[in-house]
Amino acid sequence: MTAEGGAAEERLVVQRPARGALLLAHARTWRVYESATYGLLGLAGAYAGGAGDGRATGAGALLGVWGVCTLGGIGGAYLGDYLGRDIDAAAKPHRPIPSGALPPSHALVAAATCIATALAWALLLDWRAPVVLVGAFGLHLVYHRRLKTAGLLGDVTEGTATLAGLVLFGAAAVHQLSSPAVWPVAGAAAVHGTLYNLFLAIGDEEGDRRARCLTLPVRRGTRAATRVAALLVVPWLGAVGWAAAVAGPAPGAAGAAAWLCLGLATGCDAVSVARLVRQARTPGGPSRRSALFAAESNLAARALAVCAYLFLAGGTGAGSVAAVAVLLVVLAAGRHQMTRYELGVPPPDPG
């Protein structure tokens, strides 16, 4: 073997791990445990919109809604990490961009590509759909640029942009944004998104304080933030009940599955909030892992609540597809991925 050939082989050996690490950094940035629910929220909006005139939505439109919401959500994740890279450098240096695993330019290009593709695809569905998507991305941008340090207002803005925006997009994509059935679903999504963001902020209190990011826990303390989280469960349950009432009863197995999913969703949030409230009464306050557990449980509750609505509004077929997605992605892979992304360490050994 020549010296040149040996050097080329050595370069290939060096490049392979780097390329693999870069792909892993991209995959971590997607936050599969979150992005797996974005398409389901869009489908909930589409079915809620279809309930306005009783028409069934075509499979092509439903596939488009799911694809745009998933792609747009991934683009939003890239954009958020790019815009928040300075705060992450102080609070969470293990994340892909501040750790050097993902160059900022790669994240920006990936964000632009995903968002542009999502907008073009949305335009094929309905001219109003890209308008809703632009509004959601606009709120997401405002949150990361101005409102991430604005306490609860920032949490509400991000929850509305990332979750309620997807529901409204799904309704716009099937030409039924004005359907009264859409608004309780969007409201439930907005409150639940706010709750999720607040759980993460409670877990990030120490890092956010170092980064001078004035979230609600930094401003008022984790005990006050925990009380607000407990209060937010009430309007979420009210909106969920309203959405279920508007959707109407589903016959047979679909109805039974819907109420089972709703019961499990309610239990997920109730258990996690009760655990945080109990720890808030101790001298140390809620731990990071308890807050992360609450966020994980909140994701499970989000997915289960969407499954319940799809069973009610779309029947057994739509609900079953959503349930499979939950089982395969959110509940199975969420804990390992989320713990690494938020804490920078693998989950503790159960043994």
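What counts, and where the lines are drawn
Residues numbered from 1 in each chain as written. Predicted model: local features only at pLDDT ≥ 70, side-chain atom pairs only at ≥ 80, totals over all residues. Heavy atoms only, no water. Core = buried A, V, L, I, M, F, W, Y, C linked by side-chain atoms within 4.5 Å. Buried < 20%, exposed > 50% of the residue type's maximum accessible area, 1.4 Å probe, protein only. Helix = DSSP H or I, 4+ residues; strand = E, 2+ residues; numbered from the N terminus. Contact = heavy atoms within 4.5 Å. Patch = residues over 30% accessible without salt bridge, like charges linked within 9 Å, V, L, I, M, F, W, Y side chains within 5 Å. Areas by Shrake-Rupley, 256 points an atom, 1.4 Å probe, with all protein chains shown as cover. Salt bridge = Lys/Arg side-chain N within 4 Å of Asp/Glu carboxyl O. 1 Å grid on protein atoms, 1.4 Å probe; cavity = no way out; pocket = protein on both sides within 12 Å on 5 of 7 lines; lining within 4 Å. Points joined across faces, edges and corners; volume = space filled by probe spheres on them. Nonpolar A, V, L, I, M, F, W, Y, C, P; charged D, E, K, R; others polar.

Q: What's the story with the nonpolar core in this structure? I'm lost.
A: Taken as a class, soluble globular proteins show a tendency for nonpolar side chains to be buried jointly. Membership of the largest hydrophobic core comes to 97 residues, with the highest contact counts inside it found for F169, F199 and M338. In terms of residue count, the dominant contributor to this core is helix α13 (residues 288–343) (22 residues). If near-sequence neighbours (up to four positions away) are discounted, F169 is found in contact with V65, V68, C69, A122, L125, A129, V132 and L133.

Q: I keep staring at a nonpolar patch on the surface and nothing clicks. Help me out?
A: There is a patch of nonpolar side chains on the surface, built from L123, W127 and V131 and spanning about 380 Å² of accessible area. Relative to the helices and strands, L123 is located in helix α5 (residues 104–125).

Q: Would you take a moment to explain the environment of R302 for this structure?
A: With respect to the helices, strands and loops of the structure, R302 is situated in helix α13. Given a relative accessible area of 4%, R302 falls into the buried group. Between the alpha carbons of R302 and H192 there is a distance of 7.3 Å; along the sequence they are 110 residues apart. Sequence-distant contacts of R302, that is, excluding residues within four places in its chain, are made with E34, T37, Y38, L41, L163, H192 and Y196.

Q: Sorry, what's going on with the layout of surface pockets here?
A: In this approach, a probe sized like a water molecule rolls over the atoms, and the result shows the empty space that is left. As a volume, the largest pocket reaches approximately 320 Å³. Lining the largest pocket are 17 residues, and of these L40, L43, W66, V321 and A322 sit closest to its centre. Taken together, the elements giving at least two residues each to the lining of the largest pocket come down to α2 (32–50), α3 (59–83) and α13. Among the elements that take part in the lining of the largest pocket, α13 stands out by supplying seven residues, more than any other. When the residues that make up the lining of the largest pocket are grouped by side-chain class, the tally is 14 nonpolar, three polar and no charged.

Q: I'm lost on empty space enclosed by the protein in this one. Help?
A: Scanning all chains against the criterion turns up three cavities of 30 Å³ or more. Lining the largest cavity are 41 residues, with H140, Y143, H144, E158 and N197 positioned closest to its centre. Breaking the lining of the largest cavity down by element, the ones donating at least two residues are α2, α3, α4 (85–91), α6 (128–147), α7 (152–173), α8 (182–203) and α13. Counted as a void, the second largest cavity has a volume near 230 Å³. Forming the boundary of the second largest cavity are 20 residues, of which V185, A188, V240, A305 and V306 lie nearest the centre. Tallying contributions element by element places α13 first for the lining of the second largest cavity, with six residues. Class assignment of the residues belonging to the lining of the second largest cavity gives a composition of 18 nonpolar, one polar and one charged.

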